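These are the residues of each chain, in order.
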Amino acid sequence: MRALLLLWLAGTGLRVTILAVPPILALIILDLNLSGTEVGILNGIPVALFALAAVPGSLLIARVGAVPALIIGLLITAAGSALRGFSYDTAVLYGATALMGAGVAFMQPALPPTVRQWAPDNIGFATAFYTNGLLVAEIMPVVFVGVVLAMLGGSWRANLVFWSLPVALVALAIFLFQPGGKSAPVVRPRRWMPDWRDPLLWKLGLVMAGSNEFYFCSNAFLPGFLLQTGRPEMITPSLAALNIGQLPASFLLLAVARRWERKRWPLVLSGAMALTSVPAILLVSSAWGVVAASAMIGFSCAIVLTLSLALPALLVAPDDVPRISAGMFTIGYGVAMLVSLASGMAWDITGKAAFAFLPIAIMVLPMTVLPLFTDYSKRRA
């Protein structure tokens, strides 16, 4: 239980500082006079760092071990997040955001080997457990923004510092209470660079990419589509449904993780659900239909993300878990960036926000099809 609790807390550190920005973005825009392009850059920096710093994160794991790398990532995330609150111009805000994103990028490939080290007989369940922390953390800053801002005098700067404090405390908790204590043996993998010729790496990375791009791009382009189609009142409930819809999937996987962790059909079915939700979003006119389709997006993305995070520790030798995880994150978030760019271009070229969903839907196809050609039943030596 101690290992699971620490993993859940580490999961919250993956997202809580990132999702602290959207609820207060309007305040940041007014204070720093950000343009639309500058807002887009601010939102894109963390995803870019997830892709660019994942392999250096694997190198860090090879040098110091998975758990120390996880602690270092948490501390860098907390420091970068807090520094955002002292930004006096856009450049400083960008730099602090990049530092925060690098910290998260170091944490992400550290968690799969940490799960394998702390819960070798319950990899699927432990992964679902820390992913539940990640998903809860995506919602907390939105739910408590009113309370936190009221407590801090309405300051967006103090708000960002506030959400950095729990991440620093999580790092301290892992350092003090990690299973085996501070004297626990440090496992350092011999190899850290992903094998980019490995078909399994690309299969895992493209499946994760489908989940990532669908989630991030839907959050980005759904408001514009609803605004263009004359339904601005649906933006808030649709985004809420999209994000809260992840929680039922997370709790479901906590119950069935051991039975589903090596199965293909949950990934295929989730991909089919995701594909179905795209025409539902575009063609359904009723408010409840749009909300239901948005919730289906969140549900399917959470299923795929959680199962994808567990697969490296299940499918490859322990020494290869950090590097294949790093490669998977590089592909998963790198493709998500490219799809976001393609979707924005499709909107600009056609003048219709609905066409932004075409690249999004195309990239869901590998997420649906590739599991059919991947053997999840045994671990590779």
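Residues numbered from 1 in each chain as written. Predicted model: local features only at pLDDT ≥ 70, side-chain atom pairs only at ≥ 80, totals over all residues. Heavy atoms only, no water.

Chemist: Quick question: what am I supposed to make of the overall build of the protein chain here?
Modeler: Per the secondary structure count, the protein chain includes 16 helices and 0 strands. Its C-alpha atoms give the protein chain a radius of gyration of 20 Å, within 12% of the compact-globule value 21 Å for 381 residues. Dimensions along the principal axes, computed over C-alpha positions, put the protein chain at roughly 60 × 50 × 35 Å. Taking all 381 residues of the protein chain together, the buried fraction comes to 58%. Contacts in the protein chain between residues at least 24 apart in sequence constitute 84% of all its contacts with a sequence separation of at least 6. When the accessible area of the protein chain is evaluated, it comes to approximately 15200 Å², of which 72% is carbon and sulfur surface. Positive and negative charge centroids in the protein chain, built from 23 and 14 side chains respectively, lie 11 Å apart. (Helix = DSSP H or I, 4+ residues; strand = E, 2+ residues; numbered from the N terminus. Rg over C-alpha atoms; globule rule 2.2 N^0.38 Å. Buried < 20%, exposed > 50% of the residue type's maximum accessible area, 1.4 Å probe, protein only. Contact = heavy atoms within 4.5 Å. Areas by Shrake-Rupley, 256 points an atom, 1.4 Å probe, with all protein chains shown as cover. Lys, Arg positive; Asp, Glu negative; His and termini not counted. Charge placed at Lys NZ, Arg CZ, Asp CG, Glu CD.)

Chemist: Mind showing me how you'd approach empty space enclosed by the protein here?
Modeler: The method is simple in principle: a probe with the dimensions of a water molecule rolls over the atoms, and the space it marks as empty is what remains. This model, assessed by the stated rule, comprises 3 cavities of 30 Å³ or more. A volume near 80 Å³ is recorded for the largest cavity. Lining the largest cavity, in full, are Arg15, Leu134, Glu138, Ser211, Asn212, Tyr215, Phe216, Gln246, Cys301, Ala302, Leu305 and Tyr333. Counting residues per element, the ones that place at least two in the lining of the largest cavity are α7 (123–143), α10 (199–228) and α14 (287–315). The leading source of residues in the lining of the largest cavity is α10, at 4 residues. Each pocket or cavity is described by its volume, and for the second largest cavity that value is around 50 Å³. Of all the secondary structure elements, the ones that give two or more residues to the lining of the second largest cavity are α7, α14 and α15 (321–350). (1 Å grid on protein atoms, 1.4 Å probe; cavity = no way out; pocket = protein on both sides within 12 Å on 5 of 7 lines; lining within 4 Å. Points joined across faces, edges and corners; volume = space filled by probe spheres on them.)

Chemist: Is there a simple way to think about unusual backbone geometry in this case?
Modeler: With a phi close to 55°, Asn33 is a non-glycine residue in the positive phi region. Relative to the helices and strands, Asn33 is located in the loop between α2 (25–32) and α3 (36–52).

Chemist: Whenever I open this one, α10 confuses me. Can you help?
Modeler: Helical periodicity: at 3.6 residues per turn, an α-helix aligns residues three or four positions apart in one direction. For α10, built from 30 residues, the straight-helix expectation of 44 Å at 1.5 Å per residue is met to within 8% by its first-to-last C-alpha distance of 41 Å. A large share of α10 lies buried, amounting to 21 of its 30 residues. For α10, the N-terminal cap is Asp198; the gap from its side-chain oxygen to the backbone nitrogen of Leu200 is 3.0 Å. Two residues or fewer past α10, Gly230 is found with a positive phi of approximately 75°. (Expected span 1.5 Å × (residues − 1). Polar contact = N/O pair within 3.5 Å; in protein donor to acceptor, adjacent residues only side chain to side chain.)

Chemist: Explain α15 to me, please; I cannot follow it from the model alone.
Modeler: Here α15 contains 30 residues, and its C-alpha end-to-end distance of 43 Å stays within 8% of the 44 Å for a straight helix at 1.5 Å per residue. A positive phi of about 80° marks Gly351, the residue just after α15.

Chemist: For this particular structure, what's the right way to read a nonpolar patch on the surface?
Modeler: Where nonpolar side chains cluster on the molecular surface, the patch consists of Leu169, Leu172, Phe175, Leu176 and Phe177 and spans about 490 Å² of accessible area. Relative to the helices and strands, Phe175 is located in helix α9 (residues 156–177). (Patch = residues over 30% accessible without salt bridge, like charges linked within 9 Å, V, L, I, M, F, W, Y side chains within 5 Å. Salt bridge = Lys/Arg side-chain N within 4 Å of Asp/Glu carboxyl O.)

Chemist: Hey, could you run me through the packing of helix α4 (residues 54–64) against helix α6 (residues 90–118) in this one?
Modeler: The description of two packed helices rests on the angle between their axes and on the distance between the axes. Look at α4 against α6: their axes get within 8 Å of each other, and the N-to-C directions meet at 60°. Taken together, the axis directions place α4 and α6 in an arrangement best described as oblique. Where α4 crosses over α6, the two elements pack in a sense that is right-handed. For the pair formed by α4 and α6, the contact residues are Ala54, Pro56, Gly57, Ser58, Leu60 and Ile61 on the first element and Ala105, Phe106, Pro109 and Ala110 on the second. Among the residues making up the contact of α4 with α6, the classes are represented as 8 nonpolar, 2 polar and no charged. (Axes fitted to C-alpha atoms, helices over the stretch in contact; angles between N-to-C directions. Parallel < 35°, antiparallel > 145°, perpendicular 65-115°, else oblique. Left-handed = near helix turned anticlockwise from the far one by under 90°. Nonpolar A, V, L, I, M, F, W, Y, C, P; charged D, E, K, R; others polar.)

Chemist: What am I meant to see in the packing of aromatic side chains here?
Modeler: Given two aromatic rings, their pairing is described by the distance between the two centres and the angle made by the two planes. Within this structure, the stated rule accounts for 9 aromatic pairs. Measuring from ring centre to ring centre gives 5.2 Å for Phe162 and Trp163, while their planes differ by 85°; the resulting arrangement is edge-to-face. Assessed through its relative accessible area of 7%, Trp163 is described here as buried. Relative to Phe216, the ring of Tyr215 has its centre 5.3 Å away and its plane inclined at 70°; by these criteria the two rings are edge-to-face. Accessibility expressed as a relative area gives 26% for Phe216, which makes it partly exposed. An aromatic cluster is built from Phe50, Tyr215, Phe216, Phe329 and Tyr333, whose rings are joined through pairwise contacts. (Phe/Tyr/Trp six-rings, centres within 6.5 Å; stacked < 30°, edge-to-face > 60°.)

Chemist: Mind showing me how you'd approach the layout of surface pockets here?
Modeler: Computed from the structure, the largest pocket encloses a volume of approximately 1600 Å³. Taken together, 42 residues form the lining of the largest pocket, with Pro22, Asn43, Phe216, Asn219 and Ala220 sitting closest to its centre. Listed by contribution, the elements that provide at least two residues to the lining of the largest pocket are α3, α6, α7, α10, α11 (235–244) and α15. Of all the elements, α3 adds the most residues to the lining of the largest pocket, at 10 residues. Partitioned by chemical class, the residues of the lining of the largest pocket number 28 nonpolar, 11 polar and 3 charged.

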